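Listed below are the residues making up each chain.
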Amino acid sequence: RRVLFRSITLSSASASMALPLRESPADGVSRFVLEYWLPVAIWLIIISLFSTDAFSSGESSRILLPILRFLFPSMTSSEMNSWHMVIRKAGHVTEYFVLGWLTFRVFRRAQPSVATAAALTMTFVLAAAISDEVHQLLTLNRTGSPVDVGYDCAGAVLAAWGLTVRAQKPAK
């Protein structure tokens, strides 16, 4: 186990000396929140921003379709629209892969069991994915979809699986 220290300087007329003080439990909690939960919270805010009308299919097509036309000039409109959808769904998987990775870090730090950390990660991500789709139902140009929850969870499964395999490898 790691013991963290702070130092305090005591001054007197003749001398000053530094005394190590143990980190208080509250400092450990604060550090845990800052190092582990804050990145999760920031990423959830980013996901929430991606769920706004500014990132609807109509808006992203204004950016992605010209890029696809430039890169693949012989592609038909139907093919471009299909690739636009593939890119958007890959965005779901990627967003929630990152959330799964960040969340697994939190639960793995708090739980010695890799299986428990993975299960907690999937539960957390499922709740986040459902709330994200509900949020989209409340916007003008977006729709919530259970299929998108599946894409979201697929990203988290990939992250949890990779981190579980990594955690179970013996240290070299």
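In case you missed it, the structure is sitting above this.
Residues numbered from 1 in each chain as written. Predicted model: local features only at pLDDT ≥ 70, side-chain atom pairs only at ≥ 80, totals over all residues. Heavy atoms only, no water.

### Details of the overall build of the protein chain
Of regular secondary structure, the protein chain possesses 5 helices and 2 strands. Its helices and strands in sequence order give the protein chain the pattern β-β-α-α-α-α-α, from N to C terminus. Just so you have it, the protein chain exposes about 11400 Å², and 67% of that area is on carbon and sulfur atoms. (Helix = DSSP H or I, 4+ residues; strand = E, 2+ residues; numbered from the N terminus. Areas by Shrake-Rupley, 256 points an atom, 1.4 Å probe, with all protein chains shown as cover.)

### Brief notes about the nonpolar core
Nonpolar side chains in soluble globular proteins tend to be buried together. Counting 20 residues, the largest nonpolar core has Val40, Tyr96, Leu99, Phe104, Val106 and Val125 as the members making the most contacts within it. Those elements that place two or more of their residues in this core are helix 1 (25-50), helix 3 (77-110), helix 4 (114-137) and helix 5 (146-168). Setting aside anything within four residues of it in sequence, one finds Tyr96 in contact with Ile47, Val125, Ala128, Ala129, Asp132, Asp152, Gly155 and Ala156. (Core = buried A, V, L, I, M, F, W, Y, C linked by side-chain atoms within 4.5 Å. Buried < 20%, exposed > 50% of the residue type's maximum accessible area, 1.4 Å probe, protein only. Contact = heavy atoms within 4.5 Å.)

### Comments concerning the packing of aromatic side chains
In this structure the tally under the stated criterion is 5 aromatic pairs. Aromatic side chains Phe32 and Tyr36 sit 5.3 Å apart centroid to centroid with 25° between the ring planes, which places their arrangement in the stacked category. Placement of both Phe32 and Tyr36 in helix 1 is noted, with a separation of 4 residues, approximately one turn of the helix. Phe32 sits in the partly exposed class, given a relative accessible area of 23%. Over the face of the ring belonging to Trp101 we find Arg105, whose NZ or CZ atom lies 5.9 Å from the ring centre. (Phe/Tyr/Trp six-rings, centres within 6.5 Å; stacked < 30°, edge-to-face > 60°. Lys NZ or Arg CZ within 6 Å of the ring centre and 35° of its normal.)

### A word on the packing of helix 3 against helix 4
Where helix 3 contacts helix 4, the axes come no closer than 9 Å and their chain directions differ by 135°. If you check the angle between helix 3 and helix 4, you find them oblique. Handedness of the crossing formed by helix 3 with helix 4: right-handed. Residues His92, Tyr96, Leu99, Gly100, Thr103, Phe104, Phe107 and Arg108 of helix 3 pack against Val114, Ala117, Ala118, Leu120, Thr121, Phe124, Val125, Ala128, Ala129, Asp132 and Glu133 of helix 4. (Axes fitted to C-alpha atoms, helices over the stretch in contact; angles between N-to-C directions. Parallel < 35°, antiparallel > 145°, perpendicular 65-115°, else oblique. Left-handed = near helix turned anticlockwise from the far one by under 90°.)

### Overview of helix 4
In this model helix 4 runs 35 Å from its N-terminal to its C-terminal C-alpha over 24 residues, within 8% of the 34 Å that 1.5 Å per residue would give. Of the residues making up helix 4, those classed as buried are Val114, Ala117, Ala118, Thr121, Val125, Ala128, Ala129, Asp132, Glu133 and Gln136. (Expected span 1.5 Å × (residues − 1).)

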